[in-house]
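These are the residues of each chain, in order.
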Amino acid sequence: MRPFLIAPSILSADFARLGEDVDAVLSAGADVVHFDVMDNHYVPNLTIGPMVCKALRDYGVTAEIDVHLMVKPVDRIIPDFADAGASIITFHPEASEHIDRSLQLIKEAGCKAGLVFNPGTPLHYLDHVMDKLDVILLMSVNPGFGGQSFIPSTLDKLRQVRERIDASGFDIRLEVDGGVKVDNIAEIAAAGADMFVAGSAIFSQPDYKAVIDEMRAELATTEAKS
Ligand SMILES: O=C(CO)[C@H](O)[C@H](O)COP(=O)(O)O
Ligand SMILES: [Fe+2]
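Residues numbered from 1 in each chain as written. Chains lettered and ligands numbered in written order. Predicted model: local features only at pLDDT ≥ 70, side-chain atom pairs only at ≥ 80, totals over all residues.

For the rest of this paragraph, the subject is the sheet that holds strand 7 (residues 173-177). The sheet built from eight strands is open, its strands ordered 1-8-7-6-5-4-3-2 with parallel pairing. What marks the edges here is a single partner per strand, and that holds for strand 1 (5-8) and strand 2 (32-38). On average, each strand axis in the sheet is inclined to that of its neighbour by 25°, with strand direction left out of account. When strand 4 (residues 88-91) meets strand 5 (residues 112-117), the two strands line up parallel, connected through four bridges. When the bridges of strand 5 are listed, T90 appears paired with G114. (Pairing = 2+ DSSP bridges. Helix = DSSP H or I, 4+ residues; strand = E, 2+ residues; numbered from the N terminus. Axes fitted to C-alpha atoms, helices over the stretch in contact; angles between N-to-C directions.)

The nonpolar side chains of a soluble globular protein tend to be buried with one another. Counting 69 residues, the largest nonpolar core has V67, A86, I89, I136, I188, A193 and F196 as its most contacted members. If one sorts the elements of this core by residue count, strand 2 sits on top with five residues. Residues contacting V67, with those up to four places away along its chain left out, are F35, V37, C53, F81, A86, I88 and I89. (Core = buried A, V, L, I, M, F, W, Y, C linked by C-beta atoms within 7 Å. Buried ≥ 20, exposed ≤ 12 C-beta atoms within 10 Å, placed from the backbone. Contact = placed C-beta atoms within 7 Å.)

Right, here's the structure in full:
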């Protein structure tokens, strides 16, 4: 399995000083910036768009930016995020009229592409697009808000997707998003995830490095077992 990646969700960052907060979490050892885009239509919340992504790039953020689109429709906003410096763009298949086309648009724009599955979304959307995926993101909460509790049935879903990825032979990251914390990250990794979004668990603490170090220590116990 590939090295574990920790991706703080900036949904829980301080929006009044976003550049500094993103710098701080990256300096604390985070790998990827998870960027939650909510449209008050597909999900009942409204957050940030391409201008904020570009502002982070202009501020000097060079880490990968993982744009999690919780929007409907999907396609129109893809080129804007690519131009704004997104590295990875993921979307929810039920929010797209044409999943294959949306994936192609992301790739043509030069970004890595992924599908996101809500806790109740079936995995059959993977059936004919595995060759086009760089990331599969399993939501472990219902999308729309940070600070929710991890839904335990996600562990079984992770195991199923891990099997599908391994059987496919494709190089696909398995990302998990929602309620990830120090005390459950090892179990989540053991179920097959290799990329971990954590918002409130990191940004609610004064010392980001301490939390990220604790997460890595937990992940190391999983690595040692596998
Ligand atoms: O996509 C999301 C919500 O829709 C967020 O990325 C997610 O909830 C992260 O926040 P937390 O770690 O606090 O659960
Ligand atoms: Fe997210």
